[in-house]
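Listed below are the residues making up each chain.
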Amino acid sequence: MKITFIGGGNMAGAMIGGLIHHGSTPSHICAVETDAMRRQQLAEACGVTVTASIPDGIHGSEIVILAVKPQQLRAVANQAAQFLQNKLVISIAAGVRASDLSQWLNRHEFVIRAMPNTPALIGEGITGLYALPLVDSRQKEQATTILEAIGTVIWVNEEAQLDAVTALSGSGPAYVFYFLEAMQEAGTQLGLTADTAKQLAMQTFLGATHLAAQSNDTLATLRMKVTSQGGTTEQALLSMEQADIRGAFIRAMHAACDRSRQMGEIFGRT
Ligand SMILES: NC(=O)C1=CN([C@@H]2O[C@H](COP(=O)(O)OP(=O)(O)OC[C@H]3O[C@@H](n4cnc5c(N)ncnc54)[C@H](OP(=O)(O)O)[C@@H]3O)[C@@H](O)[C@H]2O)C=CC1
Ligand SMILES: O=C(O)[C@@H]1CCC=N1
């Protein structure tokens, strides 16, 4: 099964790297990318076929993954429409609705939207998926197979839920890196080397996440088990509550979700 990515940027690069890491044959993957330097990087890093031509890139592919920015999607859809008949189209663009994309592709019925995240590169991604009603079960299985190669897959029944998925797991790796950066910065202020602080911060995220995944305790109970009465964690959490870190974090994710909906409206107008 040959897969073509249109757009070979950050997310496509992570997906392609993850697919190859999982055992996909590089010659079965093609990337269409306008930026010459990026084409060279992809060819060197992943050994996949790269081209600047949409028709050349799509030729012979059963599945086409649209991985350009939301604001570029309509123009790309217009260019690609005539070459996509009977092919499964998967868009990873944030916000833009499957029905709008379908219209741009001359009422193409086989459209799936996917919201992956960059840990796909190491097979640790998670992807939310939504399909238009006429996508058949075989095509859904194909999408599941591709995306399971780079992590976990969750199907949603309502497309609007993809805005929440985008705010949570699509953008989520950036939040984790942000917290890791803050923990590293605090660690160095407290006298650790930058490397030691980074190692402590990363293993703490990894260990806590694995513990939460394996434990029957709720997240709140796990948090309380760290928080000794009159101890250090209590002081840290008190400081965070006083600064309303939880509220700020929740508001931030609402802002991301609102932006996803807004991009759907702005870039999806037909
Ligand atoms: N980054 C992430 O973590 C995630 C991103 N997404 C979605 O993935 C999509 C891509 O995001 P990201 O990879 O970050 O963006 P990038 O800008 O890194 O990648 C898009 C690439 O497509 C190229 N491009 C533009 N027009 C064309 C064209 N006509 N033909 C071929 N290539 C073209 C762009 O070139 P140029 O820059 O020169 O325009 C760019 O290299 C977005 O829609 C985003 O919403 C989804 C989940 C997570
Ligand atoms: O920031 C963005 O818009 C994209 C979608 C999710 C992650 N990156």
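Residues numbered from 1 in each chain as written. Chains lettered and ligands numbered in written order. Predicted model: local features only at pLDDT ≥ 70, side-chain atom pairs only at ≥ 80, totals over all residues. Heavy atoms only, no water.

### Focus on the pattern of salt bridges
Stated precisely, the cut-off is as follows: Whenever Lys or Arg places a side-chain nitrogen within 4 Å of a carboxyl oxygen from Asp or Glu, that contact is recorded as a salt bridge. By the criteria applied, helices consist of DSSP H or I runs no shorter than four residues and strands consist of E runs no shorter than two, each listed in order from the N terminus. When a residue's accessible area, from a 1.4 Å probe over protein chains only, is under 20% of the maximum for its type it is buried; when over 50% it is exposed; and in between it is partly exposed.
All told, the structure shown has 7 salt bridges when counted by the stated rule. Of the charged contacts, one joins R138 and E62 as a salt bridge, the two residues approaching to 2.6 Å between their closest N and O atoms. Highlighted residues: R138 in helix α6 (residues 137–148) and E62 in the loop between α3 (54–58) and β4 (63–66), separated in sequence by 76 residues. The shortest N-O distance in the salt bridge between D217 and K225 comes to 2.5 Å. With relative accessibility at 27%, the residue D217 sits in the partly exposed group. Judged by relative accessible area, K225 falls into the exposed class, the value being 60%.

### A short note on the sheet that holds strand β5 (residues 88–91)
Definition in use: Only strands joined by at least two bridges in the DSSP assignment are considered to pair. Lines are fitted to the C-alpha atoms to define the axes, a helix being fitted only along its stretch in contact, and any angle between axes, read from their N-to-C directions, falls within 0 to 180 degrees.
Strand order in the open sheet made by the 8 strands is β3-β2-β1-β4-β5-β6-β7-β8, with mixed pairing throughout. Two strands bound the open sheet, and with one partner strand each, they are β3 (49–51) and β8 (151–155). In this sheet, neighbouring strand axes are inclined to one another by 25° on average, regardless of whether the strands run parallel or antiparallel. Pairing of strand β6 (residues 111–115) with strand β7 (residues 125–131) involves 4 bridges; the strand directions are antiparallel.

### Observations regarding the packing of helix α7 (residues 161–170) against helix α8 (residues 172–189)
Note the cut-off: Each angle receives one of four descriptions, namely roughly parallel if under 35 degrees, roughly antiparallel if over 145, roughly perpendicular if within 65 to 115, and oblique otherwise. The contact definition used throughout considers only heavy atoms, calling two residues in contact when any of these lie within 4.5 Å. Under this grouping Gly is polar, as are all residues other than the nonpolar Ala, Val, Leu, Ile, Met, Phe, Trp, Tyr, Cys and Pro and the charged Asp, Glu, Lys and Arg.
Contact pair α7 / α8: the axes reach a minimum separation of 5 Å and the direction vectors enclose 30°. In terms of orientation, α7 and α8 fall into the roughly parallel class. Along the contact surface, α7 presents A167, L168, S169 and G170, while α8 presents G172, P173 and Y175. For the contact of α7 with α8, a count of residues per class yields 4 nonpolar, 3 polar and no charged.

### Quick notes on the UniProt feature "domain: Pyrroline-5-carboxylate reductase dimerisation" (unreviewed entry) in the protein
For the record, the criterion: UniProt positions are given in the numbering used here, feature names are shortened, and annotations may be inferred rather than shown by experiment.
In the numbering used here, UniProt assigns the feature "domain: Pyrroline-5-carboxylate reductase dimerisation" (unreviewed entry) to residues 159–263. With 83% helix and 0% strand, residues 159–263 has end C-alpha atoms that lie 14 Å from one another.

### Focus on the packing of aromatic side chains
The test is simple: A pair of aromatic rings is counted whenever rings of Phe, Tyr or Trp (Trp by its six-membered ring) have centres within 6.5 Å, and the orientation is called stacked for planes under 30 degrees apart, edge-to-face for over 60 and tilted otherwise. Put simply, a charge is over a ring when the Lys NZ or the Arg CZ is close to the ring centre, within 6 Å, and near the line of the ring normal, within 35 degrees.
Scanning the model with the defined rule gives 3 aromatic pairs in all. Aromatic pair Y175 and F249: ring centres 5.6 Å apart, planes at 85°, arrangement edge-to-face. Of the two residues, Y175 is situated in helix α8 and F249 in helix α12 (residues 245–268); the sequence distance between them amounts to 74 residues. The rings of Y175, Y178, F179 and F249 are connected pair by pair, giving a single aromatic cluster. Here the basic side chain of K140 rests over the ring of W155, its NZ or CZ set 6.0 Å away from the ring centre.

### Remarks on the site of ligand 1
Threshold: Consider each residue's heavy atoms; a residue with any of them within 4 Å of a molecule or strand counts as near. For the purposes of these results, a polar contact is taken to be a pair of N or O atoms within 3.5 Å, where, inside protein, one atom must be able to donate a hydrogen and its partner to accept one; residues adjacent in sequence count only when each atom of the pair is a side-chain atom.
Taken together, 21 residues lie around ligand 1, and M11, E33, V68, K69 and Q72 are the ones closest in. The side chain of K69 places a nitrogen or oxygen atom 2.8 Å from an oxygen atom of ligand 1. With respect to ligand 1, the side chain of Q72 contributes an N or O atom lying 2.7 Å from an oxygen atom. Of all elements in the fold, only α1 (10–21) and α4 (70–80) reach the threshold of two or more residues within the shell around ligand 1. Ranked by the residues each element gives to the shell around ligand 1, the list is headed by α4, at 3 residues. Grouping the amino acids of the shell around ligand 1 by side-chain chemistry returns 12 nonpolar, 7 polar and 2 charged.

### As for the domain arrangement of the protein
What counts is decided by this rule: Domain extents, as shown, originate in an automatic or database domain assignment.
For the protein, the assigned domains are domain 1 (3–156) and domain 2 (172–260). Centre-to-centre separation of domain 1 and domain 2, based on C-alpha positions: 33 Å.

### Describing the side chain of Q139
Inspection of the secondary structure puts Q139 in helix α6. Of the residues examined, Q139 reaches a relative accessible area of 5% and is grouped as buried.

### Here's the deal with the site of ligand 2
As a reminder, the rule being used: Note on areas: Shrake-Rupley, 1.4 Å probe, and residue coverage restricted to the protein chains presented here.
For ligand 2, the full set of nearby residues is A94, G170 and S171. Within the complex, 47% of the 240 Å² of free accessible area of ligand 2 lies under protein.

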